[in-house]
Amino acid sequence: PDSSKASPSLSSPLPLDSIGGNRTTSLKARIMPSIITFSHTYGHDPIRYPVKALAYTLARPALWRIVFRVACVGCTLAIIILVVLLAVALKPQAELISPNLEWWAWLIAVFLVLFESAICAGLLMIVSQSKAQTKLFVATMRMEGQWRENEMVVQSIAKDLNLIKKAFLVRMVTFPIQIIPFVGGAIYSAINATFTGWDYMDRYFDAIKLPSRLQRMEVFGADKSDCSALCYSSTYDADNTYSRFGFMCGFLESLPIVGFVVFPLTNAVAAALFACDIEKGGGLVCLRANGESSSAQS
């Protein structure tokens, strides 16, 4: 074959960039092609919304006051529960693990106490956090001018306090992984990413009265049940819009101490910002594909 047509290797001289003679741009294009291959259905990378929501919330007193109030209650509860469990449950659990109280028994007991305190504090905070999340979601969409008062509805109290989240069993099985700081949280978030993203965007789906069938089509690209979706590789695809959004939401929530206190609230703002961009872009893809309006009735 003609050598002039062969693909240049990294060791061969790089062609000069046509604008600035910059060789670095050509090198990046060769060795990092995956960075630019993600298709963002609604114009922006969904992974950015949870981070953007932090600055957005801090810049608006009406939002950060809600976050601050609920976060203070959450931190106080977490500290009280942790102190009580350390005082009451640490030594008995260490003795149960090893009657001689070896050092590794204390270490395991500490991890158990941290895990137990997270569960107890999380359960107690669910009610206050849920209501605050709904308030933050609606308030953000109103600030952005995308909340249609006569068409959209606020998520019901019964749905708001639903403890059984999507793919609940998988979340419960993988929850202990978060005991490992950062790395465990990243693994847990990756496994549950799509369902976490769906849970946060559920407020928007309910606001526009999107039927369950269309919700599944929007999230999975097909009408799959939660159970069957767990077995499809596309559910965990890094290019899945809701997977990318859900991963960052889940990872921030897995951060020690502040994760489950602050970020569930700012993630509700992130979901609202995501929903606003969907509205500005013409509505959900599943509605366009079905020729339905954004105010789909169930």
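Heads up: the structure comes first, above all this text.
Residues numbered from 1 in each chain as written. Predicted model: local features only at pLDDT ≥ 70, side-chain atom pairs only at ≥ 80, totals over all residues. Heavy atoms only, no water.

**Description of the overall build of the chain**
Counting its regular elements, the chain contains 13 helices and zero strands. Looking at the chain residue by residue over its 298 residues, the buried ones come to 40%. For the chain, contacts bridging at least 24 residues in sequence account for 70% of all contacts bridging at least 6. When the accessible surface of the chain is totalled, it reaches about 15800 Å², and 67% of it is carbon and sulfur. (Helix = DSSP H or I, 4+ residues; strand = E, 2+ residues; numbered from the N terminus. Buried < 20%, exposed > 50% of the residue type's maximum accessible area, 1.4 Å probe, protein only. Contact = heavy atoms within 4.5 Å. Areas by Shrake-Rupley, 256 points an atom, 1.4 Å probe, with all protein chains shown as cover.)

**Regarding the nonpolar core**
Core analysis: the largest hydrophobic core is formed by 45 residues, its most contacted members being M201, Y204 and L284. Those elements giving two or more residues to this core turn out to be α2 (49–58), α3 (61–88), α5 (103–143), α8 (183–207), α9 (212–220), α11 (241–253), α12 (259–280) and α13 (285–290). For L284, the residues in contact, after removing those within four places along its chain, are Y42, Y204, F205, I208, L210, E218, Y242 and I278. A89, L90, V113 and A121 belong to the second largest nonpolar core, which has nine residues in total. (Core = buried A, V, L, I, M, F, W, Y, C linked by side-chain atoms within 4.5 Å.)

**What about a nonpolar patch on the surface?**
Residues W103, W104, L107, I108, V110, F111, L112, L114 and I179 make up a contiguous nonpolar surface patch of about 800 Å² in total accessible area. Locating L112 in the fold gives a position in helix α5. When its relative accessible area of 31% is taken as the criterion, L112 is described as partly exposed. (Patch = residues over 30% accessible without salt bridge, like charges linked within 9 Å, V, L, I, M, F, W, Y side chains within 5 Å. Salt bridge = Lys/Arg side-chain N within 4 Å of Asp/Glu carboxyl O.)

**Thoughts on the environment of A190**
When you line up the elements, A190 lands in helix α8. Considered as a pair, A190 and S243 are 53 residues apart in the sequence and their alpha carbons are 8.0 Å apart. Residues within four places of A190 in sequence aside, it is in contact with Y236 and F247.

**Quick word on the pattern of salt bridges**
Under the definition given, this model contains eight salt bridges. When the shortest N-O distance is used, the salt bridge between R244 and D45 registers 2.6 Å. A residue pair is termed long-range when its members are at least 10 positions apart, and R244 in helix α11 and D45 in the loop between α1 (23–31) and α2 qualify at 199 residues. By the burial criterion, R244 is buried, and D45 matches it.

**Some remarks on the packing of α2 against α11**
The contact between α2 and α11 brings their axes to 8 Å, and the two run at 55°. Relative to α11, the element α2 lies oblique. Residues Y49, P50 and V51 of α2 lie in contact with α11, whose contacting residues are F245, M248, C249 and L252. Across the contact of α2 with α11, the residue classes tally to seven nonpolar, no polar and no charged. (Axes fitted to C-alpha atoms, helices over the stretch in contact; angles between N-to-C directions. Parallel < 35°, antiparallel > 145°, perpendicular 65-115°, else oblique. Nonpolar A, V, L, I, M, F, W, Y, C, P; charged D, E, K, R; others polar.)

**Details of α11**
Taking 1.5 Å of rise per residue, 13 residues should cover 18 Å, and α11 covers 19 Å from first to last C-alpha, within 8% of that figure. The buried fraction of α11 is high, at 10 of 13 residues. Three or more residues of α11 are buried, namely T241, Y242, S243, R244, F245, G246, M248, C249, G250 and L252. On its buried face, α11 is in contact with α2, α8, α9 and α12. Capping the start of α11 is the job of one residue whose side-chain oxygen sits 2.8 Å from the backbone nitrogen of Y242: N240. (Expected span 1.5 Å × (residues − 1). Polar contact = N/O pair within 3.5 Å; in protein donor to acceptor, adjacent residues only side chain to side chain.)

**Here's the deal with α12**
Owing to its 3.6 residues per turn, the α-helix brings residues three or four apart onto one side. The terminal C-alpha atoms of α12 lie 30 Å apart, and with 22 residues this matches the ideal 32 Å at 1.5 Å per residue to within 8%. Summarising burial for α12: 19 of the 22 residues are buried, a large majority. A positive backbone phi angle near 105° is found at G282, which sits one or two residues after α12.

**Side note on unusual backbone geometry**
We note that L101 has phi near 55°; this positive angle belongs to a residue other than glycine. With respect to the helices, strands and loops of the structure, L101 is situated in the loop between α4 (90–97) and α5. Judged by its relative accessible area of 26%, L101 is partly exposed. One non-glycine residue with positive phi stands out, namely K209, at about 55°. For K209, the location among the structural elements is in the loop between α8 and α9.

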